[in-house]
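Given next are the chains, with one letter for each unit.
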Amino acid sequence: MLNLIMDMYSKTKSVVKWKGKLSAEFVDEMGVAQGGILSPYLFKKFLGDLACNLSKQWGVVVDELTVLTHLLWADDLVLVSDSDYGLQCQLDNLFDYCSKWQMIINNLKTKVLVYNSGVTVMPNFNVGGVPIEIATQYNYLGNLYSTIDQSRVIKNYVLNNCRRALFKIRKLCLPLGQVPPSLGLKLFDSLVMPLVDYASEVWFNEEIAQGLEVFQLGYLKRLLGVRPQTPTLAVYGELGRHPLKYRLEMNKLKYLHRVNNLPDTSITKIVYKKLELLSEFGADSWFTDAMNLFSEFEKSCNINLDVFCKKNKESVKTMLKNYETKRFTTKWINDMDAITDDKKLRTYIKFKDELLFEDYLLLTVPKVRIAISRFCCSSHNLAIELGRHAKPKKIELAKRLCKKCNVIEDEMHHVTACTLNSKQRESLYSEVLKYEPNFISYSNAKKFKFILQTRERKLLQAFGMFLYKSYPVS
């Protein structure tokens, strides 16, 4: 086997591609084959003795049996020490090791983070005599670590990544014009959500979740084609979506399950136990946040931590998904029930009673689909809504009148009674009668609710055209 590997690498050749042209072949004399099946294994074996060259004397004591000297993922290495002298010793050891085995340390990518708010004069560090920059933040394996205001730095970092992904979505969908909501949600879940999820089990907190939610709501409102001021309850309700906070909380609980199932010798498990011990003395940490979340979950699902941790991964995933759905759905229903007649969604609660993706959002004509979205979410130009934003002060509810009929111009009046829309209404009602022969005998309130709650594609199309013609989408 050894002869086979040596023979394979003795014949490896490469070329360089530059500006569309290829260089002459040359023999590879260093490194492993990029993309080779054996490459990760060979690299791991080659660095197998690295830990022996990093003295535990200068590492960080985790417990009486564990000293952490470094973190290594492929060729991304982090050295850790609890003193400046210790870190410099580790750097010297690393330099000697690399020199022995003809490896090069990339000084441009090498940085030092100092986690000590009491330090007034920063020490100097070097690798082989070359000074190393002392930074305030560093990206390691896609996670941004900062010595100053970690929460704000993480929020901005994740948001910037999400914005880049959103720009990619817009570029992909440019030929489509207005993106169908079903496709838009699929793209968001495929291209943006992984960036939100990545390492969220560690960095999640309320402040970061709020920043991400503003980003998600902006995207959802653009998908619906409604105004930025549109109530979030209606946005979630029409698309059947949840705030990101609930998803991120479930990610933390999944990780809680995972950590508890790690072997006791794992560094992660040892640190977890240390945080658990510190919590008993009143110290706040990741452990206390996770246990606060689990306490709510425990009350709702009647399951203690021991039983939870003994369940398999898929069972936990399903359980947490159901809990997330139940939890937000209950809150959404309670918030809907709390809406009074003077609130913006006073009409919305008369026909909307389920948190789900509405069928009209599958209509293929954007102007028709957007007309319904704006009407349902109170993002329209009827007097009931315009009067709310009148300057210098809003118009009283009783005075927000239809110019033609001299009664309050709300959504129900517009659909069922306004004489300005008589011709369009005749066309709409003729389509409704195909599905409900007794429709004409209904009260206006019942007619309104029947139309707004229909799942029939042709009737939804007719309703959208009615709205578009009576109040064209701007």
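Now for a look at the structure at hand. (Residues numbered from 1 in each chain as written. Predicted model: local features only at pLDDT ≥ 70, side-chain atom pairs only at ≥ 80, totals over all residues. Heavy atoms only, no water.)

This next bit is on the overall build of the protein. Within the protein one finds 20 helices and 14 strands. Expected size for 474 residues packed as a compact globule is a radius of gyration near 23 Å; at 31 Å, the protein overshoots this value by more than 25%. For the protein, the spread of C-alpha atoms along the principal axes amounts to about 90 × 65 × 50 Å. Counting the 474 residues in the protein, one finds 41% classified as buried. (Helix = DSSP H or I, 4+ residues; strand = E, 2+ residues; numbered from the N terminus. Rg over C-alpha atoms; globule rule 2.2 N^0.38 Å. Buried < 20%, exposed > 50% of the residue type's maximum accessible area, 1.4 Å probe, protein only.)

Note the cis peptide between K391 and P392, where omega equals 5°. One can find P392 in the loop between α16 (383–386) and α17 (411–416). Positive phi, normally seen in glycine, also occurs at Q102, with a value near 60°. With relative accessibility at 60%, the residue Q102 sits in the exposed group.

It is worth spelling out the packing of helix α15 (residues 366–376) against helix α20 (residues 457–470) at this point. At a minimum axis distance of 8 Å, the contact between α15 and α20 shows a crossing angle of 75°. What the angle tells us is that α15 and α20 run roughly perpendicular. Contacts between α15 and α20 involve K367, V368, A371, I372 and F375 from the former and L460, Q461, F463, G464, M465, L467 and Y468 from the latter. Split into classes, the residues belonging to the contact of α15 with α20 amount to 9 nonpolar, 2 polar and 1 charged. (Axes fitted to C-alpha atoms, helices over the stretch in contact; angles between N-to-C directions. Parallel < 35°, antiparallel > 145°, perpendicular 65-115°, else oblique. Contact = heavy atoms within 4.5 Å. Nonpolar A, V, L, I, M, F, W, Y, C, P; charged D, E, K, R; others polar.)

As a further point, take the pairing of strand β8 (residues 76–79). Across 4 bridges, strand β7 (residues 70–73) lies against β8 in antiparallel orientation. What sits directly across from H70, in β8, is L79. Taken together, β7 and the strand that follows it, β8, pair antiparallel across an intervening segment of 2 residues, in which A74 is found at a positive phi of about 55°. (Pairing = 2+ DSSP bridges.)

Glancing now at the pattern of salt bridges. Considering all chains together, one arrives at 18 salt bridges under this definition. A salt bridge links K155 to E207; the shortest N-O distance between them is 4.0 Å. Of this pair, K155 sits in helix α4 (residues 150–173) while E207 sits in helix α7 (residues 206–224), and the two are 52 residues apart along the sequence. Exposure remark for E207: the relative accessible area of 37% places this residue in the partly exposed category. Here E354 and R455 are joined by a salt bridge, their closest N and O atoms 3.9 Å apart. With E354 in the loop between α14 (348–351) and α15 and R455 in the loop between α19 (444–452) and α20, this residue pair connects regions lying 101 residues apart in the sequence. The class of E354 is partly exposed, set by a relative accessible area of 43%. (Salt bridge = Lys/Arg side-chain N within 4 Å of Asp/Glu carboxyl O.)

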